[in-house]
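Observations on the three-dimensional arrangement
Residue-level listing of the chains:
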Amino acid sequence: MLLYDNKGFFWLLLNRRGSVFYRWDSLLGGLCVALLGGAVQYMHSSGWENKPEIGHHYGLQALGVAVTFAIVFRTQLAWNRYWEAVTQLHVMYSKWHDAFSQFQGFAEVTLKAAKEKKDEAKIKLIMMKQRRLKLNFALLSAMAAERLSHGDNQLIEDMSRKVRSRHAMRVEKEAEGYQPPAFVERKDFDRGLKKVMSFVLFRKPSPQQMDLLARSNDPVSSVMYWITWDLASVMKELDTAPPIQTRMYQELSNGMLGFNNCLKIADVPFPLPFAQLLLMSLVAFSLLIPLYVIVFTKSLVVGPVLCFFLFESLWCMNEVAKELENPFGQDMNDISLPDFHLRFVDTLESVSHMEQHEMLQMDDIDDTGDSLLRWHGSEPQKVGTEGCENGTAPSHNCEAHVAARKMSGTADTI
């Protein structure tokens, strides 16, 4: 996926990276149509007896309207597919992040209580589940991103025979066997790379995990089951009420729904009959463009130039639609799934970082290091609030003092 400054003019006009206009096939087609237009104009100017001409342009106008409408319709559908893919991808990652964050919060509160009670068995169990879920959430993201980047739409582009039934695709994929993606551990990952090709994990899967994934028909569902099992096995140990814990399962389910919506786009192509008919109509109209243009321009210079840009506008619009239809491919304008995965792994690390938990267990402190509020049971104790009544104390101390007294029901006007 390319990011760009859409306020530029010359830079945007001349940029070749990710452009469909500057591709060799587009330029070659435009030049051929322009040369054909020049040849037709030369025949008319030279008075050739068998020069091609049309008596009325109604037929070409009707064909042009039909082709233009079909291309715009296809481009609109392609954009809807692309935007739906981006939307569902964000839903998938946001929901899985919510599920992990909720578990971390539940687990840390339980862990704090267990440490106060010196329950070593419970401490060990909770910490083990935290590590396992952190690893498996990262693995879940990697397997989901790998599956989307190798959907049926992308696989068919890499095959010599460009038409397959879904049944034939399944048979061929099962015959090839499981091909694991490239993994790299986060501690060894070079964050200076401008293009990420491997999937970053906290730790590479164990041989047993790789064997299970290789024998699974759906690795994403397998990893999801591992996560669900860990959550269910620790449910009774968490201090959070079971109805509240169900929110984690709901977010996991919502994330899987987003994944399957993305998978729908990755596996289901744009209908073949529509694409074939549109291509035939576009080629036919492109060959007739010179006849249509020369009738109005009657110029050896303006005619070929107009033929070139008329062809490019329609042809490139169709190429844009083709790129947008498969947003999870390997093209420059496609969605960068390894980058989405890396950002998700970074959020897992941020949420589970030890400093997060240490900070959340501290009292609130002001900029001088004094506690504003220290809670003992339900009663607040004011600290550092001397002078609020006569106006000599810092204002931020007094604001906290007033808030504490309001919560205790003894607030008055200072």
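Residues numbered from 1 in each chain as written. Predicted model: local features only at pLDDT ≥ 70, side-chain atom pairs only at ≥ 80, totals over all residues. Heavy atoms only, no water.

Things to note about the pattern of salt bridges
What counts, and what does not: Each salt bridge in this description consists of a side-chain nitrogen of Lys or Arg and a carboxyl oxygen of Asp or Glu lying within 4 Å of one another. Strands here are runs of E lasting at least two residues and helices are runs of H or I lasting at least four, both read from the DSSP assignment and numbered beginning at the N terminus. Each residue gets one of three labels from its accessible area relative to the maximum for its type: buried under 20%, exposed over 50%, partly exposed in between, using a 1.4 Å probe on protein chains only.
Going through the model one piece at a time under the given rule, you end up with 16 salt bridges. Across the salt bridge formed by lysine 122 and aspartate 239, the nearest N and O atoms sit 3.3 Å from each other. With lysine 122 in helix H4 (residues 120-149) and aspartate 239 in the loop between helix H8 (219-234) and helix H9 (242-267), this residue pair connects regions lying 117 residues apart in the sequence. On the basis of relative accessibility, which here comes to 18%, the residue lysine 122 falls in the buried class. Across the pair glutamate 319 and lysine 322 runs a salt bridge, and its minimum N-O distance is 3.0 Å. Of this pair, glutamate 319 and lysine 322 both sit in helix H11 (residues 302-325), 3 residues apart, roughly one helical turn. A relative accessible area of 40% means that lysine 322 is categorised as partly exposed. The structure contains a network of salt bridges with shared partners spanning Arg23, Glu319, Lys322 and Glu323.

Let's talk about the packing of aromatic side chains
Here is the rule we go by: We call Phe, Tyr and Trp rings a pair once their centres come within 6.5 Å, taking the six-membered ring for Trp, and we label the pair stacked below 30 degrees between planes, edge-to-face above 60, and tilted otherwise. Put simply, a charge is over a ring when the Lys NZ or the Arg CZ is close to the ring centre, within 6 Å, and near the line of the ring normal, within 35 degrees.
Scanning all chains against the criterion turns up 13 aromatic pairs. Judged by centre distance (6.3 Å) and plane angle (90°), the ring pair of phenylalanine 21 and phenylalanine 308 falls under edge-to-face. Of this pair, phenylalanine 21 sits in the loop between helix H1 (10-14) and helix H2 (24-46) while phenylalanine 308 sits in helix H11, and the two are 287 residues apart along the sequence. For phenylalanine 21, a relative accessible area of 25% corresponds to the partly exposed category. With a relative accessible area of 12%, phenylalanine 308 lands in the buried category. Across from the ring centre of phenylalanine 202, 4.5 Å away, lies the NZ or CZ of lysine 134, which sits over that ring.

Focus on the UniProt feature "transmembrane region" (unreviewed entry) in the protein chain
In plain terms, the rule: UniProt positions are given in the numbering used here, feature names are shortened, and annotations may be inferred rather than shown by experiment.
Those places that UniProt annotates as "transmembrane region" (unreviewed entry) correspond, in this numbering, to residues 21-43, 55-73 and 274-294. Structurally, residues 21-43 is divided into 87% helix and 0% strand, and its ends, taken at the C-alpha atoms, are 30 Å apart. Across residues 55-73, helical content stands at 84% and strand content at 0%; the span's end C-alpha atoms are separated by 31 Å.

A short note on a nonpolar patch on the surface
The line we're drawing: What makes a patch is a set of residues exposed beyond 30% relative accessible area and free of salt bridges, joined within 9 Å when like-charged and within 5 Å when nonpolar (Val, Leu, Ile, Met, Phe, Trp, Tyr). Residue-level accessible areas treat just the shown protein chains as cover; the underlying method is Shrake-Rupley with a 1.4 Å probe.
On the surface, Tyr42, Trp48, Leu300, Val301, Val302, Val305, Leu306 and Phe309 cluster together to form a nonpolar patch covering roughly 820 Å² of accessible area. The greatest single-element share of the nonpolar patch, amounting to 4 residues, is contributed by H11. Positionally, valine 302 belongs in helix H11.

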